[in-house]
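Residue-level structural notes
Letter by letter, the chains look like this.
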Amino acid sequence: MKMERIGKWLATGSLLALAACTDPFLSPEQEAPAPTKVAPVAPEPVVVAPKEPSARSLELAAYYSKVETSLVGQGLMRTDGGGPDTPITDTTLIQNFEAIAIREEYERGAGLRPSSSSTGRIKKWAKPVRVSVEFGASVSDDQKTREKGTVSRYVSRLARVTGHSISMSDANANFHVMVMGEDDRNQMLPRIQELVPDIDRASLSVLQTLPRSIHCLVIAFSDQPGGYAYGQAIALIRAEHPPLLMKSCIHEEIAQGLGLANDSPRARPSIFNDDDEFALLTTHDEYLLKILYDPALTPGMTPEQAMPIVRRLAPRLTGDQIASVGPS
């Protein structure tokens, strides 16, 4: 079984990217297509925590627990970051960077229509990234403490890896990590519309329907319409996830929201691969982020401009692979 990741590049308004981590147990033909039209969502005046989880929320929690157990039982969702069985060479790193950071699976502005061009441009943050964590009213205090701690530690790691300004912030955040459950739908949609008033209908449609197959997703927006520099992002993660799936979603969606939005079946050891072999950001993935956030690469660079730089940077990282590859 595999967990498919969908990268969707759109140019409507200021939307730049949408990527989702989806159900490994449903085939594409079992997926219900997202509606193309969505009625406006009226803000709820008061958010009240439910006294007890709904039957739907309990059903989802039980289902995702089975998903995690099944994946781990198959030897997937590894947390060791790679090892002697997953060597990293400069050649594979260069190929994987192009596939994950540059190639586009879908046309911008065309929903899930396959891209007519196999390559895109460099997409990344130029401004400081200020991350906040928001929780639905249904999320317990214990879970809030646990997930906020996970995000905070991960953000610190990403700042060290990239050398970019990435920090936690409760004020003036521009990367919003939303941990919300099925019982928080009425809270989630108005909040997203508050953060991004001009969000396009295709993205809002995905958020409003949000089938069980979508475990988590991230939507990134550019500062300028049709631009390639991220200015805002929203990651949505289901509160019903068990611990490892939750941490996996946090790792993947935040990293995708930094610019590694695609995936590749050749990438290993990596979370940017449909096979779910690895649950958490690996040393290989750190190398991809180091390359992406090297000052020599700027948003909007074409492959012809970017890849000579990538080919120069990759050997500097893989030269230390024996000491670096391991638990992360």
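Look up: the structure comes first, before these words.
Reading the values: the criteria
Residues numbered from 1 in each chain as written. Predicted model: local features only at pLDDT ≥ 70, side-chain atom pairs only at ≥ 80, totals over all residues. Heavy atoms only, no water. Helix = DSSP H or I, 4+ residues; strand = E, 2+ residues; numbered from the N terminus. Buried < 20%, exposed > 50% of the residue type's maximum accessible area, 1.4 Å probe, protein only. Expected span 1.5 Å × (residues − 1). Disulfide = S-S within 2.5 Å. Phe/Tyr/Trp six-rings, centres within 6.5 Å; stacked < 30°, edge-to-face > 60°. Lys NZ or Arg CZ within 6 Å of the ring centre and 35° of its normal.

What follows concerns the environment of Val-218. Checked against the element boundaries, Val-218 lands in strand β7 (residues 214–222). Its relative accessible area of 3% is what places Val-218 among the buried residues. It is 6.9 Å that separates the C-alpha atoms of Val-218 and Ala-233, two residues lying 15 residues apart in sequence.

Here we come to helix α8 (residues 303–318). Three or four residues apart is the spacing at which side chains of an α-helix point the same way, because the helix has 3.6 residues per turn. Taking 1.5 Å of rise per residue, 16 residues should cover 22 Å, and α8 covers 21 Å from first to last C-alpha, within 8% of that figure. By the burial criterion, the buried members of α8 are Pro-303, Ala-306, Met-307, Ile-309, Val-310, Leu-313, Ala-314, Leu-317 and Thr-318.

Right, let's talk about the state of the cysteines for a bit. Tallied over the entire structure, the rule returns one disulfide. The residue that forms a disulfide with Cys-216 is Cys-249, at a sulfur-sulfur distance of 2.1 Å. Here Cys-216 and Cys-249 share a disulfide; its torsion about the S-S bond, -80°, makes the bridge left-handed. On the criterion of sequence distance, the pair formed by Cys-216 in strand β7 and Cys-249 in helix α6 (residues 243–256) is long-range, its members being 33 residues apart. Judged on exposure class, the residue Cys-216 and its partner Cys-249 are both buried.

Turning to the packing of aromatic side chains, a few remarks are in order. Counted under the stated rule, the structure contains three aromatic pairs. When the ring of Trp-125 is compared with that of Phe-175, the centres are 6.1 Å apart and the planes differ by 25°; the resulting orientation is stacked. One end of the pair, Trp-125, is in strand β3 (residues 124–125); the other, Phe-175, is in strand β6 (residues 175–180), and 50 residues separate them in sequence. Phe-175 shares its class with Trp-125; the two are buried. For the pair Trp-125 and Tyr-230, a centre-to-centre distance of 6.1 Å together with 85° between the ring planes defines the contact as edge-to-face. Here Trp-125, found in strand β3, pairs with Tyr-230, found in strand β8 (residues 229–238); they are 105 residues apart in sequence, far enough to count as distant. In this structure, Trp-125 and Tyr-230 share a single accessibility class: buried. By way of ring pairs, the aromatic residues Trp-125, Phe-175 and Tyr-230 are connected into one cluster. The ring of Tyr-293 has Lys-124 sitting right over it, with the charged end atom 4.9 Å from the ring centre. When the ring centre of Tyr-63 is taken as reference, the NZ or CZ atom of Arg-212 above it lies at 3.7 Å.

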